[in-house]
Amino acid sequence: MNVARSFNNWRKFRQTVNELSRMSSRELQDLGIDRADIRSVARASVAR
């Protein structure tokens with residue numbers, strides 16, 4: 001079960017990183033996210 005959970009968490013992390021990376025700097029700014037913070041935001045989304 002831990003392997004499946006880890007895999008799903010990794011997929012959620014990658015999906016979040018990919019979606020945020022595709023956004024323009026203006027869109028990220030509107031969300032209050034700096035481009036350098038994308039990975040930490042994605043990590044936080046998995047921790048929820």
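Here, the structure is the one placed above.
Residues numbered from 1 in each chain as written. Predicted model: local features only at pLDDT ≥ 70, side-chain atom pairs only at ≥ 80, totals over all residues. Heavy atoms only, no water.

1. Observations regarding helix α1 (residues 2–22)
Link 1 in the chain: Between its terminal C-alpha atoms α1 stretches 30 Å, which fits the 30 Å expected from 21 residues at 1.5 Å a residue.
Link 2 in the chain: Of all the positions in α1, only F13, T16, V17 and L20 are classed as buried. All buried residues of α1 fall inside an arc of 100 degrees around its axis, so they share one side. Facing away from the buried surface of α1 by more than 90 degrees, the exposed residues are V3 and R22.
Link 3 in the chain: Tucked inside the fold, the buried residues of α1 contact α2 (25–31) and α3 (38–47). (Helix = DSSP H or I, 4+ residues; strand = E, 2+ residues; numbered from the N terminus. Expected span 1.5 Å × (residues − 1). Buried < 20%, exposed > 50% of the residue type's maximum accessible area, 1.4 Å probe, protein only. Arc of directions from axis to C-beta. Contact = heavy atoms within 4.5 Å.)

2. Digging into the packing of α1 against α3
Link 1 in the chain: Running from N to C, α1 and α3 cross one another at 140 degrees; their axes reach a closest spacing of 9 Å. Here α3 runs oblique to α1, going by the angle between their axes. Of the two possible hands of crossing, α1 and α3 adopt the one that is right-handed. Along the contact surface, α1 presents N9, K12, F13, R14, T16, V17, L20 and S21, while α3 presents I38, R39, V41, A42, R43, S45 and V46.
Link 2 in the chain: Among the residues making up the contact of α1 with α3, the classes are represented as seven nonpolar, four polar and four charged. (Axes fitted to C-alpha atoms, helices over the stretch in contact; angles between N-to-C directions. Parallel < 35°, antiparallel > 145°, perpendicular 65-115°, else oblique. Left-handed = near helix turned anticlockwise from the far one by under 90°. Nonpolar A, V, L, I, M, F, W, Y, C, P; charged D, E, K, R; others polar.)

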